[in-house]
Amino acid sequence: MPDRRQWRQRYFADRAQAKKVQRSFIDRLAPAGTWLLALSLAVLLLWGGGIGLRSVLARTFLRTAHVTQGVLEERVAGEAFVLRNEQVFLAPLDGTLHLGVGEGERVRVGGVLFSITAQGTVQERQAMVAQARRELEDFQSACADRRTNLRAQLVASDARLEEVLARLRWAQTMGKPRVTWEQVALLKKERQRQAPWQEELDRLQVKETALQALVAERELNLERVYVEERAQVAGLVSYAWDGLEELCYPEGLTVLDPSALSRAKPVWQERREGDWVTAGQPVCRLIDEREYLLLVKLPDTVGYQPGQEMPIRIGDWEKRARLLQTPAHLVEAGYLLFAVEGSGGRLWQERMVPVTVVVESVSGVIVPESAVVAGNSVYILHELKAERIPVQVLGQIGKQVAVSGVKPGAQVVLNPWLVRDGQRLR
């Protein structure tokens, strides 16, 4: 048997080993205990003291703004061609021009637009008639042979076409209606040969017609020394024109080529008192300014409906515009047609203008989107407390919302997730 000393040594050795094992177990549990303790404290704070924590966060990070009454707008920028109901007056004879009214002034029915005083003696005007006749005769004699040759070529070509067509008709009567590629090629070739001949004949005819009109005009004005042009309708008078009057007019919309619009460049010319004018040249425009049409080029034409009314801005000038039925080929090219009341603007002397179309407009108290809770309420700061009040959303454009139910000047909470109804914040 071991003696008492050995027994005591073995006892204390076993006890020391047991304590060591106990300490290592506690050391392993220490990290888990720390996290458990932190989690317990967090739960207690959120459950029992969460109100205080939210208050601290709200007081630290709360953002507010004073709201105002306003208007939200969705705007689209574009470029517009101005189409006017206007009449262009030409000079009836050669002479000195006298203006009837000032530029941009209105004239009543029967008012004098302009007058022309012919210059030179009767003999001098007779000489001008004789000169115009000589020009016509010289032209006719110079192109007589060419016209004869062109007409002969067209007659021969027509004979060849008739021969091919006769063969086709014979084939159909014999029960062989099929058209061969050779016959199609012959028809196409003859028509291609005819095209430049006919075009040249047409050009010669146009030139001859113009010279004949000049002779007739000078013969008519031979005894005329003074003429007046009077307005048949009331309107606004302008002695300037841009050369696009025959392209941009309301009645021509159905045949208006969008590509011609993209190439069009207005070149303004102006008449002044005492100018010398030649018969047939433009002198002035008489404009119906009650309504103008704007052919607006927009980035997108989808969603617009004829009859819609919306504001349209040209510089600092704003009018209500009415969307009209626009020809389909212009819509496909990105154009929409608007009608605007004419009074008060300067569209009578403009052709291409930058415009801004207000597509959508809504008025109310303007608040940021982030301030609206669940789409039907906002928090305001009232007497150092957060107060939740119901609102009606009238419209939204971008990140701004127009609402009713909030008084202008109210201090609205911009981050409402930090507060609750009735919470004291200061």
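Residues numbered from 1 in each chain as written. Predicted model: local features only at pLDDT ≥ 70, side-chain atom pairs only at ≥ 80, totals over all residues. Heavy atoms only, no water.

## What to know about the overall build of the protein
When you go through the protein residue by residue, the secondary structure sums to six helices and 20 strands. Residue burial in the protein is summarised as follows: out of 426 residues, 36% are buried. A sequence separation of at least 24 residues applies to 79% of the contacts in the protein between residues at least 6 apart. Here the protein displays about 26,300 Å² of accessible surface, and carbon together with sulfur accounts for 55% of that area. (Helix = DSSP H or I, 4+ residues; strand = E, 2+ residues; numbered from the N terminus. Buried < 20%, exposed > 50% of the residue type's maximum accessible area, 1.4 Å probe, protein only. Contact = heavy atoms within 4.5 Å. Areas by Shrake-Rupley, 256 points an atom, 1.4 Å probe, with all protein chains shown as cover.)

## Considering the confidence of the model for the protein
Here the protein shows a mean pLDDT of 83. Residues at 70 or above account for 81%. Highest mean pLDDT in the protein belongs to strand β7 (residues 235-238) (95); lowest belongs to helix α1 (residues 4-48) (58). (pLDDT = per-residue confidence, 0-100.)

## Regarding the packing of aromatic side chains
Taken as a whole and assessed by the stated rule, the structure comprises zero aromatic pairs. The positively charged end of K297 is found above the aromatic ring belonging to Y335, 4.9 Å away from the centroid. (Phe/Tyr/Trp six-rings, centres within 6.5 Å; stacked < 30°, edge-to-face > 60°. Lys NZ or Arg CZ within 6 Å of the ring centre and 35° of its normal.)

## A few points about the sheet that holds strand β10 (residues 276-277)
Read across the open sheet, the four strands follow the order β6-β5-β3-β10; overall the sheet is antiparallel. Lying at the two open borders of the sheet, with one neighbouring strand each, are β6 (226-230) and β10. With five bridges joining them, strand β5 (residues 112-117) and β6 adopt antiparallel strand pairing. Along β6, the bridge assignment pairs V112 with R230. (Pairing = 2+ DSSP bridges.)

## As for unusual backbone geometry
A positive phi angle, near 50 degrees, is found at E383, a position not held by glycine. Inspection of the secondary structure puts E383 in the loop between β16 (377-382) and β17 (385-390). Assessed through its relative accessible area of 63%, E383 is described here as exposed.

## Some remarks on the pattern of salt bridges
Under the defined criterion, the tally for this structure stands at 15 salt bridges. Between R75 and E73 there is a salt bridge; the shortest N-O distance is 3.0 Å. Look at R75 and you get exposed, because its relative accessible area is 51%. Taking the shortest distance from any N to any O, the salt bridge between E289 and R106 comes out at 2.4 Å. Of this pair, E289 sits in strand β11 (residues 282-297) while R106 sits in strand β4 (residues 106-107), and the two are 183 residues apart along the sequence. (Salt bridge = Lys/Arg side-chain N within 4 Å of Asp/Glu carboxyl O.)

## Thoughts on the side chain of T326
Mapped onto the fold, T326 is located in the loop between β13 (317-323) and α6 (328-332). In this structure T326 comes out as buried when scored by relative accessible area, which is 9%. Once residues within four sequence positions are removed from consideration, T326 is found in contact with V331, Y335, L336 and L337.

## Observations concerning the nonpolar core
Ranked by size, the top nonpolar core spans 24 residues in total, and within it L294, V296, I312, F338 and L347 carry the most contacts. Among the elements of the structure, β2 (68-90), β11, β12 (309-314), β13, β14 (335-341) and β15 (352-368) are those that each provide at least two residues to this core. Here this core takes four residues from β11, the largest share from any one element. Apart from residues no more than four positions distant in its own chain, F338 is found in contact with Y292, L293, L294, V296, M310, A321, R322, L323 and V357. Judged by nonpolar contacts, the second largest core, of 18 residues, contains V107, A118, V237 and C284. (Core = buried A, V, L, I, M, F, W, Y, C linked by side-chain atoms within 4.5 Å.)

## So, the environment of N376
Inspection of the secondary structure assignment puts N376 in the loop between β15 and β16. Since its relative accessible area comes to 40%, N376 is described here as partly exposed. C-alpha separation for the pair N376 and P390, spaced 14 residues apart in sequence, amounts to 5.7 Å.

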